[in-house]
Amino acid sequence: MPSNQLPVAEAVADAPAETRKVHAALTRSSTGKEDLRQLESGLDSLQSDAVRKAGIDWSRILLPVAALVVLVLIWQVYVSLGYKRRDIVPGPMDVVGQIGTLWGEGKLQQAVWTSLQRGVVGFLISVVVATPVGLLLAQVAPLRRAFGPLISGLQVLPSVAWVPAAILWFGLTDATVYFVVFMGAIPSIINGLISGVDQIPPQYRSVGKVLGASRLQLALQIILPAALPGYLSGLKQGWAFSWRSLMAAEIIAVGGTIGFGLGSMLDQGRALSDMTVVMSAILLILGVGILIELLVFAPIEKRLLRRRGLLAGSTR
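As the structure is a prediction and not an experimental result, all values here were calculated from the model.

Rules used throughout
Residues numbered from 1 in each chain as written. Predicted model: local features only at pLDDT ≥ 70, side-chain atom pairs only at ≥ 80, totals over all residues. Heavy atoms only, no water. Helix = DSSP H or I, 4+ residues; strand = E, 2+ residues; numbered from the N terminus. Buried < 20%, exposed > 50% of the residue type's maximum accessible area, 1.4 Å probe, protein only. Contact = heavy atoms within 4.5 Å. Areas by Shrake-Rupley, 256 points an atom, 1.4 Å probe, with all protein chains shown as cover. Salt bridge = Lys/Arg side-chain N within 4 Å of Asp/Glu carboxyl O. Arc of directions from axis to C-beta. Core = buried A, V, L, I, M, F, W, Y, C linked by side-chain atoms within 4.5 Å. Axes fitted to C-alpha atoms, helices over the stretch in contact; angles between N-to-C directions. Parallel < 35°, antiparallel > 145°, perpendicular 65-115°, else oblique. Left-handed = near helix turned anticlockwise from the far one by under 90°. Nonpolar A, V, L, I, M, F, W, Y, C, P; charged D, E, K, R; others polar. 1 Å grid on protein atoms, 1.4 Å probe; cavity = no way out; pocket = protein on both sides within 12 Å on 5 of 7 lines; lining within 4 Å. Points joined across faces, edges and corners; volume = space filled by probe spheres on them. Polar contact = N/O pair within 3.5 Å; in protein donor to acceptor, adjacent residues only side chain to side chain. Patch = residues over 30% accessible without salt bridge, like charges linked within 9 Å, V, L, I, M, F, W, Y side chains within 5 Å.

Undergrad: Run through the overall build of the chain, naming residues and quoting values.
TA: Helix and strand content of the chain: 14 helices and zero strands. The N-to-C order of helical and strand elements in the chain reads α-α-α-α-α-α-α-α-α-α-α-α-α-α. A buried classification covers 34% of the 316 residues belonging to the chain. Expressed as a percentage of contacts within the chain between residues at least 6 apart in sequence, the contacts between residues at least 24 apart total 67%. Carbon and sulfur atoms provide 67% of the accessible area of the chain, an area that totals close to 18800 Å².

Undergrad: Pulling in residues and values, what's your account of the pattern of salt bridges?
TA: Per the counting criterion, the structure on display carries six salt bridges. A salt bridge links glutamate 301 to lysine 236; the nearest nitrogen and oxygen atoms lie 3.1 Å apart. Taken together, the residues glutamate 301 in helix H14 (residues 275-307) and lysine 236 in helix H12 (residues 228-252) connect sequence positions 65 residues apart. Judged by relative accessible area, glutamate 301 falls into the buried class, the value being 16%. A salt bridge links arginine 270 to aspartate 267; the shortest N-O distance between them is 3.2 Å. Here the residue arginine 270 and the residue aspartate 267 both occupy positions in helix H13 (residues 262-271), the gap between them amounting to three residues, near one helical turn. Through salt bridges with shared partners, a single ionic network connects Arg118, Asp174 and Glu250.

Undergrad: Could you give an account of helix H11 (residues 215-226), naming the residues involved and the relevant values?
TA: Along H11, the residues that are buried comprise Leu218, Ala219, Ile223, Leu224 and Ala226. Along the axis of H11, the buried residues cluster in a sector spanning 145°; they form a single face. Relative to its buried face, H11 has exposed residues pointing more than 90 degrees away, namely Leu216 and Gln221. Next to the buried residues of H11 lie helix H6 (107-139), helix H9 (174-198), helix H10 (202-210) and H12.

Undergrad: How would you summarise unusual backbone geometry if you had to cite specific residues and measurements?
TA: The backbone phi angle of serine 273 is positive, close to 55°, even though this residue is not glycine. In this structure, serine 273 sits in the loop between H13 and H14. When its relative accessible area of 62% is taken as the criterion, serine 273 is described as exposed.

Undergrad: Any chance you could break down the nonpolar core for me, citing the residues and the numbers?
TA: What tends to happen in soluble globular proteins is that the nonpolar side chains get buried as a cluster. Ile189, Leu235, Trp243, Leu262 and Met265 are the most contacted members of the largest nonpolar core, which has 54 residues in total. Mapped onto this core, the elements with two or more residues apiece are H6, helix H8 (162-170), H9, H11, H12, H13 and H14. Here this core gets twelve residues from one element, more than from any other, and that element is H9.

Undergrad: Tell me what's going on with the packing of H6 against H13, and back it up with residues and numbers.
TA: Two elements in contact, H6 and H13, have axes whose closest approach is 7 Å; the angle formed by their N-to-C orientations is 130°. Judged on the interaxial angle alone, H13 and H6 are oblique. Counted together, Lys107, Leu108, Ala111, Val112 and Ser115 of H6 and Leu262, Gly263, Met265 and Gln268 of H13 form the full contact between these two elements.

Undergrad: Describe the packing of H6 against H14, naming the residues involved and giving the relevant values.
TA: As a packed pair, H6 and H14 sit with axes 12 Å apart at the nearest point and diverge in direction by 45°. Accordingly, the angle class assigned to the pair H6 and H14 is oblique. Here H6 and H14 pass one another in a crossing that is right-handed. In this structure, H6 uses Leu108, Val112, Leu116 and Phe123 to contact H14, whose residues at the interface are Leu284, Val288, Ile292 and Phe297. Counted by class, the contact of H6 with H14 contains eight nonpolar, no polar and no charged residues.

Undergrad: Describe the side chain of arginine 118, and please don't skip the residues or the numbers.
TA: Its location among the elements puts arginine 118 in helix H6. Residues in contact with arginine 118, not counting those within four places in the same chain, are Asp174, Val177, Tyr178, Leu246, Glu250, Ile258 and Gly259.

Undergrad: Go over the layout of surface pockets, please, and point to the residues and values.
TA: As a volume, the largest pocket reaches approximately 650 Å³. Residue lining of the largest pocket: 20 residues in total, with Leu68, Leu283, Leu286, Gly287 and Ile290 positioned closest to the centre. Among the secondary structure elements, those contributing two or more residues to the lining of the largest pocket are helix H4 (59-81), helix H5 (92-105) and H14. Classifying every residue of the lining of the largest pocket gives 19 nonpolar, one polar and no charged.

Undergrad: If you had to explain the side chain of aspartate 267 to someone new, which residues and values would you point to?
TA: For aspartate 267, a relative accessible area of 16% translates into the label buried. Only 3.2 Å separates the side chain of aspartate 267 from the side chain of arginine 270, close enough to count as a polar contact.

Undergrad: Can you lay out a nonpolar patch on the surface for me, pointing to particular residues and giving the numbers?
TA: A cluster of nonpolar side chains, namely Leu283, Leu286, Ile290, Leu291, Leu294, Leu295, Val296 and Ile300, defines an oily patch on the protein surface of about 730 Å² accessible area. Looking at the element boundaries, leucine 283 is found in helix H14.

Geometry only, nothing functional implied.
Quick look at the structure:
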């Protein structure tokens with residue numbers, strides 16, 4: 001056996017039985033039906049192991065819960081030391097009691113539903129608008145050179161800066177809130193998609209052209225799927241910006257026909273100098289953001305990485 005194959009042979013010898021079975025079937029000089037069956041059996045075993053390893057990882061549940069418990073204990077200890085008055089820094093049980101009161105009054109359900117509905121609808125519309133624009137800018141160099149710096153500048157611009165202008169344009173209506181959400185989410189989604197397209201190997205486009213794909217087919221069937229990792233990162237950042245923009249709009253734009261959301265609850269607590277209401281609103285805003293990440297984006301990202309063989313060795 002050549003010396004450069006010795007490390008490979010040693011690694012295969014130490015590998016699991018399924019891996020040795022696949023290697024043996026691939027390295028035989030002839031491949032009959034029995035070899036193909038052995039290869040298929042080995043690949044199925046490896047895939048089954050991957051599926052089993054992809055099962056419930058309790059550390060993903062227990063570790064965040066443990067971290068939350070530690071933070072709550074630190075909070076309670078700080079309150080118990082009495083450095084600040086309880087009306088300024090309420091304890092965890094004070095906030096829990098206030099959340100129960102808000103729930104009983106129906107304000108909590110109303111605020112969460114109003115903000116979540118606005119955030120989801122505004123984000124989905126932003127995706128519909130930003131995706132074709134991002135593909136167009138990524139494919140047409142003159143447009144990207146003309147509008148790329150503007151898109152990057154809009155992404156850096158704090159969304160709260162749009163609130164006064166939106167109030168003057170649309171008044172105290174839901175249109176003001178949605179406009180601020182759009183201006184927060186769309187630039188991030190566009191830049192994320194452009195970044196994903198930039199990371200596509202040029203051979204993908206060449207193969208598509210050789211196969212006779214039109215520009216539309218090339219964009220939708222080759223470029224967009226290949227750019228999914230960067231596009232997904234842009235979507236995550238777009239949701240984060242849209243949620244933050246929504247809270248800023250709800251805090252500032254109060255009254256008129258604008259409904260009662262989490263930002264309105266936060267501003268109401270400030271106006272009443274009630275820190276339990278303020279802390280309740282902050283925790284609810286944080287909780288909704290975490291749930292969207294865990295229930296929507298994290299599973300999609302994990303599945304995408306697994307399908308592309310990028311999950312091995314990852315800390316996700």
